[in-house]
Structures are given as structure tokens and as C-alpha cells.
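One-letter residues, chain by chain:
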Amino acid sequence: MTSIGELLPRAARLKYELEVQLRAVEAGAGDASDCSMGLQELQNQISTLRQLLDSERPERRALWKVKIDELGHEATFLAGDLRRVTQFHAHARERDQLFHRRGGAAPSAAADDLMEEGNSLARSSSQMDELMETGRASLDSLRQQRERLKNTHQTARNPTAGASKLSRSRPRRSRRPDIPSSARGAAA
């Protein structure tokens, strides 16, 4: 019968080999089905290790359990990565097929063209927004300038209206409640 001390290093080596295979699959140089079979074998070894755990001495059992659980978590992580990579490759193949059906253009060139077109559209939209904002600010400035010129023109046409405004403003200042009456007499 095999012991945990013999089987655990083999399972750890298999896990390492699967990590290397997974990197190759990600790069497109490996076979996902080989990696999947290797993961199945690793799961079987982990299951065997858990069964052997009961036959170990109690003082070593906790240490082996931690190591086996860690290996199990890493195997689960590898399985999730493999699933993610295979889905990515399946979507890439489907995208390539759709681009070939669309017009026979090279998928990466067509995708790059679409991405560049989208970026260009976003830049143009941003520039248009800036131009519109600048135009609005210019119009507001011109409206304010027009109002000031109208007021100046009316004051220039009617000089007595401007003088009457000044004469009315002076007594108001002297009637302010926050200035004591003695200070008002001294200021006049």
C-alpha cells in the first residue's frame, strides 16, 4: 500500500507539470484535453490521499491534512483556469468564424480597424463637446457684453438719468443705520 509520504510528492509534481501545460495552452501551443486529463488524474490522487489520511498517525494527520487541502485548492484553481482558457479560445474561434463570414477580412485586422474607429469616434465626440462648451461660453460672454453696452448707451443718451441715480445713492449711504449720527455729521 502506498503512503501519503510517497504519493504527495508525485501529486505535487503532477500539479507543477499541469501548471506548465496550462501556460502552454494559454499561449496556444498546448492541448487543453491533455491538461484536462492531467487534472482528472490529479483529482484522483488527491482523493486517494484523503483516503490514506485516516491510516496516518494522529500527530502527523493534521500536517498531512493541511498539505492535502492546499493541493486540492490549487487543483481547483487550475481547473478554473483551464475552463477560463478553453472558453477564451472557443470565443476567439467563434469570433474568427464570424469575421470570415462577414467579409473575409482578417479577424485581427478587422477588429483593430473597428477598435480604431471606435477610439476615433470617442475622440471626435469629446472634441465636439469641448467646442460646444466653448461656443456656449462665448455666447454667454457676448450676451453680457451686449447688456453692458445697452446700459452704457442708455446712460450716455440720458445724462440726467445717470446723475439722478448718483444723487439718490448718496443720501442712502448717509441714512445707513450702522453708522452713528455723530459720524455722519463729521463725514459730511
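Here the structure is a predicted model, which is why all the values come from computation and not from measurement.

Asks: Even after reading the chapter, I still don't get the overall build of the protein, so can you show me in this structure?
Replies: Assigned secondary structure in the protein consists of six helices and zero strands. Ordered by position from N to C terminus, the α and β elements of the protein give α-α-α-α-α-α. Burial analysis of the protein (188 residues in total) assigns 17% to the buried set. Within the protein, counting contacts between residues at least 6 apart in sequence, those at least 24 apart form 62% of the total. For the protein, the accessible surface area stands at approximately 14,400 Å², while carbon and sulfur atoms represent 53% of it.

Asks: What am I meant to see in the nonpolar core here?
Replies: Grouped burial of nonpolar side chains is what soluble globular proteins tend to show. Core analysis: the largest hydrophobic core is formed by 22 residues, its most contacted members being Ile4, Leu8, Leu18, Leu42, Leu49 and Ile68. At the level of secondary structure, the elements contributing two or more residues to this core comprise α1 (4–27), α2 (32–52) and α3 (58–103). Take this core: its biggest share by element is eight residues, from α1.

Asks: Just to check I follow, could you spell out a nonpolar patch on the surface for this structure?
Replies: A contiguous nonpolar surface patch, about 310 Å² in accessible area, is contributed by Met128, Leu131 and Met132. Using a relative accessible area of 42% as the deciding quantity, one classes Met132 as partly exposed.

Asks: It is not clear to me how α2 should be interpreted in this structure. Could you clarify?
Replies: Think of an α-helix as turning once every 3.6 residues; residues three or four places apart then point the same way. Between its terminal C-alpha atoms α2 stretches 30 Å, which fits the 30 Å expected from 21 residues at 1.5 Å a residue. Among all positions of α2, only Cys35, Gly38, Leu39, Leu42, Gln45, Ile46, Leu49 and Leu52 are buried. The buried residues of α2 occupy an angular sector of 135° when projected down its axis, which confines them to one face. Exposed residues on α2 whose side chains face more than 90 degrees from its buried face are Met37 and Gln51.

Asks: Any chance you could explain the pattern of salt bridges here in plain terms?
Replies: Think of it this way: side chains of opposite charge can pair up when their charged atoms draw near. Under the defined criterion, the tally for this structure stands at nine salt bridges. Taking the shortest distance from any N to any O, the salt bridge between Lys65 and Asp69 comes out at 2.9 Å. Of this pair, Lys65 and Asp69 both sit in helix α3, four residues apart, which is roughly one turn of that helix. Salt bridges sharing common partners tie together Lys15, Glu19 and Glu74.

Asks: Would you take a moment to explain α1 for this structure?
Replies: For α1, built from 24 residues, the straight-helix expectation of 34 Å at 1.5 Å per residue is met to within 8% by its first-to-last C-alpha distance of 34 Å. Those residues of α1 that sit buried are Ile4, Leu7, Leu8, Ala11, Leu14, Lys15, Leu18, Leu22 and Val25. Positioned one or two residues after α1, Gly28 has a phi angle of 85°, which is positive.

Asks: Please clarify how the confidence of the model for the protein should be interpreted in this entry.
Replies: Any residue range with low pLDDT should be treated as having predicted coordinates unsuitable for detailed reading. When pLDDT is averaged along the protein, the result is 80, and 79% of the positions lie at 70 or above. No element of the protein has a lower mean pLDDT than helix α6 (residues 181–187), which averages 53, and none a higher one than α2, which averages 92.

Conventions we followed
- Residues numbered from 1 in each chain as written.
- Predicted model: local features only at pLDDT ≥ 70, side-chain atom pairs only at ≥ 80, totals over all residues.
- Heavy atoms only, no water.
- Helix = DSSP H or I, 4+ residues; strand = E, 2+ residues; numbered from the N terminus.
- Buried < 20%, exposed > 50% of the residue type's maximum accessible area, 1.4 Å probe, protein only.
- Contact = heavy atoms within 4.5 Å.
- Areas by Shrake-Rupley, 256 points an atom, 1.4 Å probe, with all protein chains shown as cover.
- Core = buried A, V, L, I, M, F, W, Y, C linked by side-chain atoms within 4.5 Å.
- Patch = residues over 30% accessible without salt bridge, like charges linked within 9 Å, V, L, I, M, F, W, Y side chains within 5 Å.
- Salt bridge = Lys/Arg side-chain N within 4 Å of Asp/Glu carboxyl O.
- Expected span 1.5 Å × (residues − 1).
- Arc of directions from axis to C-beta.
- pLDDT = per-residue confidence, 0-100.

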